[in-house]
Amino acid sequence: MKKFIQINDISNLRKAIDEALSLKKEPLQFSELGKSKRLVLLFFHTSLRTRLSTENAASNLGMQVSVLNPGDGWSLELQEGAVMNLDCQEHIKEAARVVSQYADIIGVRAFPKLKDKKADQLDSILNGFVKYASVPVINLECCNGHPLQALTDAITIEEEKKVSRPKIVLSWAPHPKALPHAVPESFIRCMRQIDADLTITHPKGLELDPETVGDVPICYNQTEALKDADFVYVKNWSSYSNYGKVIRDFDNWMMTSDKLGGAYFMHCLPIRRNVVAEDSVLDGNRSLVIKQANNRTFAAQVVLKRILEQL
Ligand code: CP
């Protein structure tokens, strides 16, 4: 594997899930594979899980890790031919080529600004690194996806499912801030590749990218959608059509124990308690959120392992 930008960059997803579960049983079984190799992680936005789990994964494979949190203090110029007489002090062309000299694999997290759909969808920072770096690049979440999270979610469902084709419901939740579409869209793409009966439920007007949704059924009635669910994946996203708008008219879409019934509860975290899901859901014995966070390590590990095997 030369890069991991979307979930379909990993070949044979079914096998990758099994491989991740084997790594979970014996995390150090390939601890020589990454010896003398360095992973450089660039976080243009904050992270708890992605940062620590990817570091753990690299360490399990014997890699060294360097982490940079450039945040807003490192203004990269992204435009070809730019006259750099304003705030940006470094062009991504140099940045990516320089980091490539220090790294064998680069991970990049850069969120959308949720103001301009076309600009966000270019994912200029991530794709700039893909274009100019001379080493493989991993997506640690961008506008168009969070594939490490989706792979994690597929691993967790595989571990917990009681039937071969579980009913999985992706249920929109309220949130006070504008959140990206990366997690739900990657989740949908991933679930479409495994044997799952997926339904999406959200209020009318909060449709996701139709190309990503494809023929997955959408049900505007949350109660109806949740009936007989095995797994309920709860996630907020801001409006896609009225791009980035926060919709506050549907606070009653918060997940409750009553709505969840006997289904497993999933969320990528971080989560706003008693806004997205009530305490009793998160503290209840059907919640998988801590297990999901743990599985982030083994999703990252299988991705790094596949890349290392081809270096
Ligand atoms: N789920 C997830 O990506 O968490 P972080 O933002 O903490 O990395």
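This one's a predicted model, so the numbers in the text were calculated from it and none came from an experiment. (Residues numbered from 1 in each chain as written. Predicted model: local features only at pLDDT ≥ 70, side-chain atom pairs only at ≥ 80, totals over all residues. Heavy atoms only, no water.)

Participant: With reference to specific residues and values, describe helix α12 (residues 289-308).
Facilitator: Between the first and last C-alpha of α12 there are 29 Å, a value that for 20 residues agrees with the 28 Å anticipated at 1.5 Å per step. Largest kink in α12: about 30 degrees, centred on Asn295. The buried count for α12 comes to 16 of 20 residues, which makes it a mostly enclosed element. (Helix = DSSP H or I, 4+ residues; strand = E, 2+ residues; numbered from the N terminus. Expected span 1.5 Å × (residues − 1). Bend = angle between axes of the 7 residues up to and from the residue. Buried < 20%, exposed > 50% of the residue type's maximum accessible area, 1.4 Å probe, protein only.)

Participant: Just give me the short version of the site of the ligand, but keep the residues and values in it.
Facilitator: As a matter of local geometry, the ligand sits amid Ser47, Leu48, Arg49, Thr50, Arg109, His146, Gln149, Cys268, Leu269 and Arg296. Arg109 places a side-chain nitrogen or oxygen 2.9 Å from an oxygen atom of the ligand. In this structure, Cys268 approaches the ligand through a main-chain N or O atom, which is 3.0 Å from a nitrogen atom. Contact with the protein chains removes 93% of the 260 Å² of surface that the ligand exposes when unbound. Among the detected pockets, the ligand sits in the second largest pocket. The residue inventory of the shell around the ligand, partitioned by class, reads 3 nonpolar, 4 polar and 3 charged. (Near = heavy atom within 4 Å. Polar contact = N/O pair within 3.5 Å; in protein donor to acceptor, adjacent residues only side chain to side chain. Areas by Shrake-Rupley, 256 points an atom, 1.4 Å probe, with all protein chains shown as cover. 1 Å grid on protein atoms, 1.4 Å probe; cavity = no way out; pocket = protein on both sides within 12 Å on 5 of 7 lines; lining within 4 Å. Sits in = over half its atoms within 2 Å of the grid points. Nonpolar A, V, L, I, M, F, W, Y, C, P; charged D, E, K, R; others polar.)

Participant: Tell me about the packing of aromatic side chains, and name the residues and values.
Facilitator: Note on aromatic pairs: each is described by the distance of the centres and the angle between the planes. Counted according to the given criterion, the structure contains 5 aromatic pairs. Seen in terms of ring centroids, Phe44 and Trp74 are 5.9 Å apart; in terms of plane orientation they differ by 10 degrees. Their pairing is stacked. Taken as a pair, Phe44 in the loop between β1 (38-43) and α2 (49-60) and Trp74 in the loop between β2 (64-68) and β3 (76-77) lie far apart in primary sequence, 30 residues in all. Look at Phe44 and you get buried, because its relative accessible area is 7%. Summarising the aromatic geometry, the rings of Trp172 and Phe250 are spaced 6.2 Å apart at their centres and angled 90 degrees between planes, so their arrangement reads as edge-to-face. In this pair, Trp172 sits in strand β7 (residues 167-172) while Phe250 sits in the loop between β10 (231-235) and α10 (257-260), placing the two residues 78 residues apart along the sequence. An aromatic cluster of at least three residues, connected via ring pairs, comprises Trp172, Phe250 and Trp253. One residue, Lys117, lies across the ring of Tyr240, its end atom 3.7 Å from the ring centre. (Phe/Tyr/Trp six-rings, centres within 6.5 Å; stacked < 30°, edge-to-face > 60°. Lys NZ or Arg CZ within 6 Å of the ring centre and 35° of its normal.)

Participant: Lay out the side chain of Arg306 with the relevant residues and their values.
Facilitator: In this structure, Arg306 sits in helix α12. Judged by relative accessible area, Arg306 falls into the buried class, the value being 12%. At 2.8 Å, the side chain of Arg306 forms a polar contact with the backbone oxygen of Ser11. In this structure, Arg306 is in contact with Met1, Ile10, Ser11, Asn12, Lys15, Ala16 and Glu19, ignoring residues within four places of it in sequence. (Contact = heavy atoms within 4.5 Å.)

Participant: How would you sum up the layout of surface pockets? Please name residues and give values.
Facilitator: Looking at the largest pocket, its volume works out to about 710 Å³. What lines the largest pocket is a set of 25 residues, among which Leu76, Leu78, Phe111, Lys113 and Ile125 lie closest to the centre. Of all the elements in the fold, those that place two or more residues in the lining of the largest pocket are β3, α4 (117-121) and α5 (124-132). The leading source of residues in the lining of the largest pocket is α5, at 3 residues. Of the residues belonging to the lining of the largest pocket, the class tally is 13 nonpolar, 5 polar and 7 charged. In this structure, the second largest pocket spans a volume of roughly 530 Å³. Along the wall of the second largest pocket there are 27 residues; nearest its centre are Phe111, Glu141, Leu179, Leu269 and Pro270. Listing elements by their share of the lining of the second largest pocket, those giving two or more residues are α2 and α7 (182-191). (Points joined across faces, edges and corners; volume = space filled by probe spheres on them.)

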